[in-house]
Amino acid sequence: MKNLQTLTLLPTLALARFFISISGSLSPRPVLTGPDMAYLGSRVTFRCIAPNSSLPVTYELIRNGYALIATVADLQGDQTASFKVAPTLEGLYHCKATTQGSTGVSNNIKLTVVTPASNTRVTSEPFPPVAYEGSRIELSCSVAKGSHLFYTWFFNRTEVTSLTSPLLLLTGNKLVMGKVAPEHAGYYSCMAWSRVQDTIVSSSSEVQVTVKVYVSKPRISFSISKEGASHRGNVTCWSTGGSPPVNISLSVDDTEVGFVTVAQSLAAWFPVPMVPGQDVAVARCRVKTEVQELMSEPVTLEMVPVGGDVKVEVEYLYSADSKLTAAKLSCQVSRGTFPYIYWLLNNSGLPTETDVDSHIQPVLYHGALTDGRRTLVLAKLGPEESGYYRCRARDSYNDSGPWVESAAVLVRVTDRILNSLPPATSSTETPPKVFLNTIDVLTIVFCCFLFLMLAVGVGCVYKMFDHKQARAHVATTNSDALPLSAPTSQSGM
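These figures come from a predicted structure and were not determined experimentally.

A. Local environment of unusual backbone geometry. With omega at 5°, the peptide bond leading from Glu125 into Pro126 counts as cis. With an omega dihedral of 5°, the bond running from Pro244 to Pro245 counts as a cis peptide bond. Residue placement: Pro245 occurs in the loop between strand 21 (230–238) and strand 22 (246–252). In this model, Asn64 sits at a positive phi of 55°, which is unusual for a non-glycine residue. Relative to the helices and strands, Asn64 is located in the loop between strand 4 (57–63) and strand 5 (67–74). Look at Asn347: it is not a glycine, yet its phi comes out positive at around 70°. You can see Asn347 is positioned in the loop between strand 30 (339–345) and strand 31 (348–349). Overall, the relative accessible area of 60% leaves Asn347 in the exposed class.

Here you go:
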């Protein structure tokens, strides 16, 4: 009977033992948590936990699959292990959990060791960062040491982005200006930083970028001054655009007579000895930089005293509706290189530049002097502008020199003249300019075309009528002629 009961309990005991062995053979499933980046020299903490594992549990932290970093035993039932690590090497970390002879392996965490940036500075190509417009400049944000870095650029202390500065290319640690322009000139700096939980930043000092402008073609001018009994020519060479410093030289008859380097401006002055009536010479200016060499147009160096005939020419200007609006008077001097012109109205002088601060009371008029005082423009016309105009001329470099004077020319402006058509010009006046509007031009063209069509039509009618008369005349002539005799029959002979 006992044997029968024993045989009956054996399957139950075997099944229980089987379930116990199965439960004891289940491996723990640990989970590893921790950072994926850390600064060199700092300490990081990894945590490994194997939930629902029977005690005791032994945890091991392993790097790169074989290097044991630390071991922690869980005897209290926390089921959590903490590992404080000083990362000196990057690696792939995981943990193992062992309980009752069973071992489980956790997930992997790749730890990246970051070296903070230090001694950040801006370098350039070319160095120093000076280039002509249209050239290429490449700036680099360089560090003495550092890894896994990001870079931020600043232009005049404002952050540079692809949106705010589309002409600047940001790539890696470089800022590239493919074709620099004057607006790119300024101060640049950069910042190197690492994207870790605690961001560490290293900033550079500012570097000035200079963009030089190409020098424009030089110009040349010539004037005369008097020093005692002698005369001196003053030649001015200048450029309207460009970046100094530049070298400026003067050549007279292909011989260099002056040279100067200007660092702040683009102009230079050269004295040239002059004698009235001397032989004519030709002068040119040369501007030279490290990348350019340009020549000015030639100018003739001559000093001809003022003399000969002087006359005033008057030109009336009209508006589109044929109303007189202004008058232009020109003082024509037949001889003289540097004349000084003085205008008179009814034997009273018109104001000059020096009359503003003087006690002279000049004639009041509404006019403007242009072309070195050679031209007087009366912008407003009225009775007060009417009168006799004359001009005088002398050498501008000799205040005590003799004057030559023109004959007086009458300019008479009345209300009737202002509202009338352009009058006939005198022998001393230039034919007036009459401005026609578009409607007037179209009317004249249409009238000419209509007249031409009428002329052609009359000609055609006349030719047709003349042709009919010619045919009628031929028919009349043929009817009046004697008839031809009929041929005589030979049968009666």
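Having seen the model, we can carry on.
B. Molecular detail of the state of the cysteines. Under the definition given, this model contains four disulfides. The disulfide partner of Cys237 is Cys285, and the S-S distance across this bridge is 1.8 Å. Between Cys237 and Cys285 the sulfur-sulfur dihedral comes to about -65°; the bridge is accordingly left-handed. Of this pair, Cys237 sits in strand 21 while Cys285 is found in strand 25 (residues 281–288), placing the two residues 48 residues apart along the sequence. When sorted by exposure, Cys237 lands in the same class as Cys285, which is buried. One disulfide bridge connects Cys331 with Cys391, the sulfur atoms lying 2.1 Å from each other. With the S-S dihedral at roughly 75°, the linkage between Cys331 and Cys391 falls on the right-handed side. Here the residue Cys331 occupies a position in strand 29 (residues 324–335), and Cys391 occupies one in strand 34 (residues 387–395), the gap between them amounting to 60 residues.

C. Seen up close, the sheet that holds strand 12 (residues 137–142). What the four strands build is an open sheet, ordered 10-12-16-15; its pairing is antiparallel. In this open sheet, the two strands that pair with only one neighbour each are strand 10 (121–125) and strand 15 (168–171). Taken over all neighbouring pairs, the strand axes of this sheet differ in orientation by 20° on average, direction set aside. Looking at chain direction, strand 15 and strand 16 (residues 174–177) are connected through four bridges and run antiparallel. Pairing of Leu170 across the sheet is with Leu175, part of strand 16.

D. Structural detail: the environment of Asp36. Mapped onto the elements, Asp36 comes out in the loop between strand 1 (31–33) and strand 2 (37–39). Overall, the relative accessible area of 48% leaves Asp36 in the partly exposed class. For the pair Asp36 and Leu92, spaced 56 residues apart in sequence, the C-alpha separation works out to 9.6 Å. In contact with Asp36, not counting residues within four places along its chain, are Lys110, Leu111 and Thr112.

E. Expanded view of the sheet that holds strand 24 (residues 267–274). Across the sheet, which stays open at both edges, the three strands sit in the order 20-21-24 with antiparallel pairing between neighbours. What marks the edges here is a single partner per strand, and that holds for strand 20 (219–227) and strand 24. For this sheet, the mean angle separating the axes of adjacent strands, direction not counted, is 25°. With eight bridges joining them, strand 21 and strand 24 adopt antiparallel strand pairing. Its bridge partner lying in strand 24, Gly233 is registered against Val272.

Cut-offs and rules
- Numbering of residues starts from 1 in every chain and runs along the sequence as written.
- Residue-level local features of this predicted model are given only where pLDDT is at least 70; pairs of side-chain atoms are given and counted only at 80 or more, and the full residue set underlies all totals for whole chains, interfaces and linings.
- The basis for every side-chain value is the complete set of heavy atoms in the structure, and neither hydrogens nor water enter the calculation.
- Where helices and strands are cited, they refer to DSSP runs of H or I of at least four residues and of E of at least two residues respectively, numbered from the N terminus.
- Note on exposure labels: buried denotes an accessible area under 20% of the residue type's maximum, exposed denotes more than 50%, and partly exposed covers the range between, all computed with a 1.4 Å probe on protein chains only.
- When two cysteine sulfur atoms are found within 2.5 Å, that pair is recorded as a disulfide.
- In this analysis, strands are considered paired if DSSP registers two or more bridges between them.
- The angle between two axes is taken between their N-to-C directions and runs from 0 to 180 degrees, where each axis is a line fitted to C-alpha atoms and a helix contributes only its stretch in contact.
- Residue contacts follow a heavy-atom distance rule, with two residues in contact if any of their heavy atoms lie within 4.5 Å.

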